[in-house]
Amino acid sequence: MTATSLPAPPPGTPGHHGRTALVTGAASGIGAACALRLAAAGAHVRALDRDAAGLDGLARRASGSPGTVEAVVLDLADLDAAEQAAAGADILVNNAGIQLVRPVQDFPPDAFHTMLTIMLEAPFRLIRGALPRMYERGWGRVVNISSVHGLRASAYKSAYVTAKHGLEGLSKTVALEGAPHGVTSNCVSPGYVRTPLVEKQLADQAAAHSLSVEDVLTDVLLRDTALKRLVEPEEVAEAVAYLCAPHASFITGTTLVMDGGWTAH
């Protein structure tokens, strides 16, 4: 599947016609793949990102889909606006993330605060905004894009690891509270995905260690992974679509791990 192709649901896949899905960090990478996949299943997708140009490109890619894509330009650091944007969503995909790699003693406190705001507090506020309508309808799906770093730690990624571990806990709490109301909450936790964020990490580490990008990929990023390749965004989107489908109604409070064998060690 190419990066520009519109993913189609497999034959027999239940659709989401009449459902509203909110996907954060939707301008590129995993978020864009999730937005396209849910639109292909018939959902009206609110694609939220601060990258207006990226959202415009996403809307063009979704042209002709059974569903629709609505661009919502918003910085998740505006927590009140984030909560308001989630009102009325049937499906919420918390995907937006940022990364900074530094030793703890050199990690800028303001960057640590910003990362936890975007990757943990904003998901809480988005869920808080979405749940009342989900409870009213007796149906809802919350899918949090976590990471293998929500299950394992890596050096120099204190803020990212902290945020993803917290997201896993938040997701489980929402699952317990949402169960009587027909709302499921789960995490999808991939290893390294072929996204702009990861590609930047590859370039930065190659420059820092005087290595080729290929060597950084196999010897550094994928050192603990049995499958020596990056996860494709469309693969993550299929996992999200599975958790949002009616036949996944008994799956809640858990994590779908897509780490190529990393946590098998």
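Residues numbered from 1 in each chain as written. Predicted model: local features only at pLDDT ≥ 70, side-chain atom pairs only at ≥ 80, totals over all residues. Heavy atoms only, no water.

Colleague: Mind showing me how you'd approach the packing of helix α1 (residues 29–40) against helix α8 (residues 233–244) here?
Modeller: To characterise two packed helices, one gives the angle between the axes of the helices and the distance between these axes. In the contact formed by α1 and α8, the axes pass within 8 Å of each other and the chain directions differ by 50 degrees. The angle between α1 and α8 falls in the class oblique. Crossing hand, α1 versus α8: right-handed. Across from Gly-29, Ile-30, Ala-33, Cys-34 and Arg-37 in α1, the residues of α8 making contact are Pro-233, Glu-234, Val-236, Ala-237, Glu-238, Val-240 and Ala-241. Along the lines of polarity and charge, the residues of the contact of α1 with α8 split into eight nonpolar, one polar and three charged. (Axes fitted to C-alpha atoms, helices over the stretch in contact; angles between N-to-C directions. Helix = DSSP H or I, 4+ residues; strand = E, 2+ residues; numbered from the N terminus. Parallel < 35°, antiparallel > 145°, perpendicular 65-115°, else oblique. Left-handed = near helix turned anticlockwise from the far one by under 90°. Contact = heavy atoms within 4.5 Å. Nonpolar A, V, L, I, M, F, W, Y, C, P; charged D, E, K, R; others polar.)

Colleague: Looking at this structure, I do not really get the pairing of strand β3 (residues 68–73). What am I missing?
Modeller: Successive side chains on a regular strand alternate, one facing one side of the sheet and the next facing the other. The sheet contact formed by strand β2 (residues 44–49) and β3 spans six bridges and is parallel. The partner of Leu-48 across the bridge, within β3, is Val-72. Following the backbone out of β2, through helix α2 (residues 52–61) and into the adjacent parallel β3, one traces a crossover that is right-handed. (Pairing = 2+ DSSP bridges. Right-handed = clockwise from strand over helix to strand, strands pointing away.)

Colleague: Sorry, what's going on with helix α4 (residues 109–137) here?
Modeller: Because each turn of an α-helix spans 3.6 residues, side chains separated by three or four positions in sequence point in the same direction. In this model, α4 (29 residues) spans 41 Å end to end at C-alpha, consistent with the 42 Å of a helix rising 1.5 Å per residue. Bending of α4 peaks at approximately 40 degrees at the position of Thr-117. Directly beyond the C-terminal end of α4, a positive phi value near 75 degrees is found at Gly-138. (Expected span 1.5 Å × (residues − 1). Bend = angle between axes of the 7 residues up to and from the residue.)

Colleague: What is the right way to look at the sheet that holds strand β1 (residues 20–24) in this model?
Modeller: Pairing between the strands of a sheet comes from backbone hydrogen bonds, and it takes one of two forms, parallel or antiparallel. Strand order in this open sheet of seven strands is β3-β2-β1-β4-β5-β6-β7, and the pairing throughout is parallel. Both outer strands of the open sheet, β3 and β7 (255–258), are each paired with one neighbouring strand and no more. Within the sheet, the average angular offset between the axes of one strand and its neighbour, ignoring direction, is 15 degrees. Looking at chain direction, β1 and β2 are connected through five bridges and run parallel. In the sheet register, Thr-20 faces β2, and the bridge partner there is His-44. Strands in contact with α1 are β1, β2, β3, β4 (91–94) and β5 (140–145); relative to β1, the strand with the most contacts, it is inclined by about 170 degrees.

Colleague: Looking at this model, I keep getting lost on the packing of aromatic side chains. Mind explaining?
Modeller: Aromatic rings in a pair are described by how distant their centres are and how their planes are angled relative to each other. All told, the structure shown has two aromatic pairs when counted by the stated rule. Geometrically, the ring pair formed by Phe-107 and Phe-112 is edge-to-face, given 6.0 Å between the ring centres and 85 degrees between the ring planes. The exposure class assigned to Phe-112 is partly exposed, which follows from its relative accessible area of 28%. When the ring of Tyr-192 is compared with that of Trp-262, the centres are 5.8 Å apart and the planes differ by 25 degrees; the resulting orientation is stacked. With Tyr-192 in the loop between β6 (183–190) and α6 (196–209) and Trp-262 in the segment after β7, this pair connects stretches of sequence that are 70 residues apart. A residue is classified by how much of its surface remains accessible, and Tyr-192, at 11% relative accessible area, is buried. (Phe/Tyr/Trp six-rings, centres within 6.5 Å; stacked < 30°, edge-to-face > 60°. Buried < 20%, exposed > 50% of the residue type's maximum accessible area, 1.4 Å probe, protein only.)

Colleague: I would appreciate a short explanation of unusual backbone geometry in the present structure.
Modeller: With the exception of glycine, the majority of residues adopt a negative phi angle, and the majority of peptide bonds are in the trans configuration. In this model, Tyr-156 sits at a positive phi of 75 degrees, which is unusual for a non-glycine residue. Topologically, Tyr-156 is positioned in the loop between β5 and α5 (158–178).

Colleague: Please clarify how the pattern of salt bridges should be interpreted in this entry.
Modeller: Think of it this way: side chains of opposite charge can pair up when their charged atoms draw near. With the rule as written, the count across this model stands at nine salt bridges. Through salt bridges with shared partners, a single network forms among Asp-80, Glu-83, Arg-125 and Arg-128. (Salt bridge = Lys/Arg side-chain N within 4 Å of Asp/Glu carboxyl O.)

Colleague: Explain the confidence of the model for the protein to me, please; I cannot follow it from the model alone.
Modeller: The predicted coordinates of low-pLDDT regions are not to be read in fine detail. Taken residue by residue, the protein gives an average pLDDT of 93. The fraction at 70 or more is 95%. Note that residues 1–9 has pLDDT below 50 and, in this model, 17 contacts with residues that lie over four places away or in other chains. (pLDDT = per-residue confidence, 0-100.)

Colleague: Could you clarify how one ought to interpret the side chain of Ser-185 in this entry?
Modeller: Position of Ser-185 relative to the elements: it lies in strand β6. Here Ser-171 takes part through its backbone oxygen, which lies 2.9 Å from a polar atom of the side chain of Ser-185. Not counting the four nearest positions on each side in its chain, Ser-185 is found in contact with Val-142, Asn-144, Ser-171, Val-174, Ala-175, Thr-252, Gly-253 and Thr-254. (Polar contact = N/O pair within 3.5 Å; in protein donor to acceptor, adjacent residues only side chain to side chain.)

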